Amino acid sequence: QVQLVESGGGLVEPGGSLRLSCAASGTIFSIVAMGWYRQAPGKERELVATITSSGSTNYADSVKGRFTISRDKGKNTVYLQMHSLTPEDTAVYYCNRHPTPWLRWGKDYWGQGTQVTVSS
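Computed from a predicted structure; not experimentally measured.

J.: Where do I start with the state of the cysteines in this structure?
T.: Note on terminology: disulfide describes a covalent bond linking the sulfur atoms of two cysteines. This structure, assessed with the given rule, holds 1 disulfide. Covalently, C22 is tied to C95 through a disulfide, its sulfur atoms 1.7 Å apart. Placement of C22 in strand 3 (residues 18-25) and of C95 in strand 9 (residues 91-97) is noted, with a sequence separation of 73 residues between them. As far as the burial class goes, C22 and C95 line up, both buried.

Next up, the structure:
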C-alpha cells in the first residue's frame, strides 16, 4: 500500500522560508509525476506545483517564482522549497501523484499533510 508522509511545516513570519518534504513508500515512485497541493481553512484543495518523472516542473501562478519543487528518486522523496511566504500561503500542504491521486481501498488516498502557518 502506498504511504505518503509529509513533513517540514511550521510557523514562519511573512517573508520567511520553509522546505517541505514528502516521503513515499509502497509504490513505484520514480515513474510517476508528483504534485504538491494545499488546502486552506474553508477552501478547496488546490494544486501548487508539479514535477514529472523526468523533472519538468509547473507552478500555480500564485507561487510562481517563490516555490520550487524537486525530487530525489533515490530517496523516494519530493520537496517543496518555499520562499517569500505570505499569510495567503497558510494551509495544510500535501503531496500526491499527479494528476490522479493514489487509491487506497478504492478511495483517494492522502497523507496527513503538514501545516504551514505564515504569521507575524
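J.: Would you take a moment to explain the packing of aromatic side chains for this structure?
T.: Aromatic ring pairs: the centre-centre distance and the angle between the two ring planes describe each pair. Scanning all chains against the criterion turns up 2 aromatic pairs. Ring centres of Y37 and W110 lie 5.1 Å apart, and the angle between their planes is 90°; this geometry places the pair in the edge-to-face category. In this pair, Y37 is assigned in strand 4 (residues 34-39) and W110 in the loop between strand 11 (107-108) and strand 12 (114-118), connecting sequence segments 73 residues apart. You can call Y37 buried: its relative accessible area is 9%. On the basis of an interplanar angle of 75° and a centroid distance of 5.8 Å, the ring pair of Y94 and W110 is categorised as edge-to-face. Taken together, the residues Y94 in strand 9 and W110 in the loop between strand 11 and strand 12 connect sequence positions 16 residues apart. Note on Y94: relative accessible area 12%, which makes it buried. Here a set of aromatic residues connected by ring pairs shows up, and it is made of Y37, Y94 and W110. A cation over an aromatic ring shows up here: R19 above the ring of Y79, its NZ or CZ 4.0 Å from the ring centre. Over the face of the ring belonging to W110 we find R45, whose NZ or CZ atom lies 3.7 Å from the ring centre.

J.: Whenever I open this one, the sheet that holds strand 12 confuses me. Can you help?
T.: Adjacent strands of a sheet form backbone hydrogen bonds with each other and so pair up, either parallel or antiparallel. Within the open sheet, the 6 strands sit side by side as 2-12-9-4-5-6. Their pairing is mixed. The strands lining the two open edges of the sheet, one partner per strand, are strand 2 (10-12) and strand 6 (57-59). Taken over all neighbouring pairs, the strand axes of this sheet differ in orientation by 25° on average, direction set aside. Relative to strand 9, strand 4 is paired through 6 bridges, and the arrangement is antiparallel. The residue bridging M34 from the neighbouring strand is R97, located in strand 9.

Definitions and cut-offs
- Residues numbered from 1 in each chain as written.
- Predicted model: local features only at pLDDT ≥ 70, side-chain atom pairs only at ≥ 80, totals over all residues.
- Heavy atoms only, no water.
- Disulfide = S-S within 2.5 Å.
- Helix = DSSP H or I, 4+ residues; strand = E, 2+ residues; numbered from the N terminus.
- Buried < 20%, exposed > 50% of the residue type's maximum accessible area, 1.4 Å probe, protein only.
- Phe/Tyr/Trp six-rings, centres within 6.5 Å; stacked < 30°, edge-to-face > 60°.
- Lys NZ or Arg CZ within 6 Å of the ring centre and 35° of its normal.
- Pairing = 2+ DSSP bridges.
- Axes fitted to C-alpha atoms, helices over the stretch in contact; angles between N-to-C directions.

In short, the description is geometric, and any link to function would need to be established separately.
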